[in-house]
Amino acid sequence: MMKVNESSTNVTNGTKTYTIRLATSEMELRLVADVINVAFAKAYEHVRSNDAPTRTTYTKVKAQVESLGCKVWVIHEVSKKDMNEEQEQVDILGTIIVPSPHLDFDTASREDTESFGSLSVLPSYQGLGLGKMLVKYIEHRSKTIDKKIKIELCYGHGTLLNNKPQLKEFYTSMGYYE
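The rules behind these values
Residues numbered from 1 in each chain as written. Predicted model: local features only at pLDDT ≥ 70, side-chain atom pairs only at ≥ 80, totals over all residues. Heavy atoms only, no water. Helix = DSSP H or I, 4+ residues; strand = E, 2+ residues; numbered from the N terminus. Contact = heavy atoms within 4.5 Å. Areas by Shrake-Rupley, 256 points an atom, 1.4 Å probe, with all protein chains shown as cover. Phe/Tyr/Trp six-rings, centres within 6.5 Å; stacked < 30°, edge-to-face > 60°. Lys NZ or Arg CZ within 6 Å of the ring centre and 35° of its normal. Pairing = 2+ DSSP bridges. Axes fitted to C-alpha atoms, helices over the stretch in contact; angles between N-to-C directions. Buried < 20%, exposed > 50% of the residue type's maximum accessible area, 1.4 Å probe, protein only. Salt bridge = Lys/Arg side-chain N within 4 Å of Asp/Glu carboxyl O. Expected span 1.5 Å × (residues − 1).

Engineer: Is there a simple way to think about the overall build of the protein in this case?
Structural biologist: Assigned secondary structure in the protein consists of 5 helices and 6 strands. The helix and strand sequence of the protein, counted from the amino end, reads β-β-α-α-β-α-β-β-α-β-α. Considering only contacts within the protein whose residues lie at least 6 apart along the sequence, 68% involve residues at least 24 apart. Surface summary for the protein: the accessible area is close to 10,400 Å², and the carbon and sulfur share equals 50%.

Engineer: I'm lost on the packing of aromatic side chains in this one. Help?
Structural biologist: How two aromatic rings sit relative to each other is given by the distance of their centres and the angle of their planes. Summed over all chains, the structure comprises 2 aromatic pairs. Between Trp73 and Tyr137, the aromatic rings sit 5.1 Å apart at their centres with planes inclined by 65 degrees, giving edge-to-face as the arrangement. Taken together, the residues Trp73 in strand E3 (residues 71-77) and Tyr137 in helix H4 (residues 130-144) connect sequence positions 64 residues apart. The residue whose ring lies beneath Arg30 is Tyr58, and the NZ or CZ to ring-centre distance is 3.9 Å.

Engineer: Looking at this model, I keep getting lost on unusual backbone geometry. Mind explaining?
Structural biologist: Most of the time, phi is negative for any residue but glycine, and the peptide bond is trans. Put simply, Val98 and Pro99 share a cis peptide bond, and its omega is -15 degrees. One can find Pro99 in the loop between strand E4 (94-98) and strand E5 (113-121).

Engineer: Whenever I open this one, the sheet that holds strand E2 (residues 17-22) confuses me. Can you help?
Structural biologist: Sheet strands associate in pairs through backbone hydrogen bonding, adopting either a parallel or an antiparallel arrangement. Reading across from one edge, E1-E2-E3-E4-E5-E6 is the order of the 6 strands in this open sheet, with mixed pairing throughout. At either end of the open sheet lies a strand with only one pairing partner, and these are strand E1 (8-12) and strand E6 (150-153). Each neighbouring strand pair of the sheet contributes to a mean axis angle of 25 degrees, computed without reference to strand direction. Strand direction decides the pairing type here: E1 and E2, joined by 5 bridges, are antiparallel. Bridging from a neighbouring strand, Ser8 pairs with Arg21 of E2.

Engineer: Even after reading the chapter, I still don't get the environment of Thr56, so can you show me in this structure?
Structural biologist: Positionally, Thr56 belongs in the loop between helix H1 (26-43) and helix H2 (58-66). Exposure remark for Thr56: the relative accessible area of 8% places this residue in the buried category. Along the sequence, Thr56 and Ile36 sit 20 residues apart, while their C-alpha atoms lie 7.2 Å from each other. Once residues lying within four places of it in the same chain are set aside, the contact partners of Thr56 are Ala33, Ile36, Asn37 and Val61.

Engineer: Teacher, can you tell me more about the pattern of salt bridges here?
Structural biologist: Oppositely charged side chains are able to pair whenever their charged atoms sit close together. Considering all chains together, one arrives at 5 salt bridges under this definition. Lys16 serves as the salt-bridge partner of Glu77, at 3.7 Å between the closest nitrogen and oxygen. Taken together, the residues span a long stretch of sequence, with Glu77 in strand E3 and Lys16 in the loop between E1 and E2 at a distance of 61 residues. For the salt bridge of Lys62 with Glu66, the shortest nitrogen-to-oxygen distance reads 4.0 Å. Taken together, the positions of Lys62 and Glu66, both in helix H2 and 4 residues apart, correspond to about one turn of that helix. Note on Glu66: relative accessible area 58%, which makes it exposed.

Engineer: Just checking my understanding: could you explain H1 for this structure?
Structural biologist: Residues three or four positions apart in an α-helix share a direction because the helix packs 3.6 residues into each turn. Between its terminal C-alpha atoms H1 stretches 26 Å, which fits the 26 Å expected from 18 residues at 1.5 Å a residue. Residues of H1 that are buried: Glu28, Leu29, Val32, Ala33, Val35, Ile36, Asn37, Ala39 and Phe40.

Right, dumping it as structure tokens:
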């Protein structure tokens, strides 16, 4: 069982250990916007031109935190400095926003329901289980700390991703359905 606290946890994929924690600085929110943009550009490359606008901006992510009360969770590798509790800049490999900043679905305002969106992992780190670790962390945290009974994925723009069956398979393999 995953041990979850209010601010962070360490998880492993069998070969490496990663930390999942809240993004806490302006610099990290800027990196989060970059990770989302790179991951979404890859996911949408079959339907978007190279000069299409980015998925998000630092300003939008910051507004989601400050105005909507969203929490931005990040995942990064645990380094030796982390073990010594010294501060250093870390490479954010993935992110997830809770609750989803998209409030245009039926259960967005239900107190018993948690939602998430903008699940993003840098393309060079996809396939290592980082996205699943982020989702599992949010599921466990939502049920044990926040006492939610239902968790929803905000899977917007689904019709644009119909040619990406691996994304749908990713979510259905974790029990999500339409």
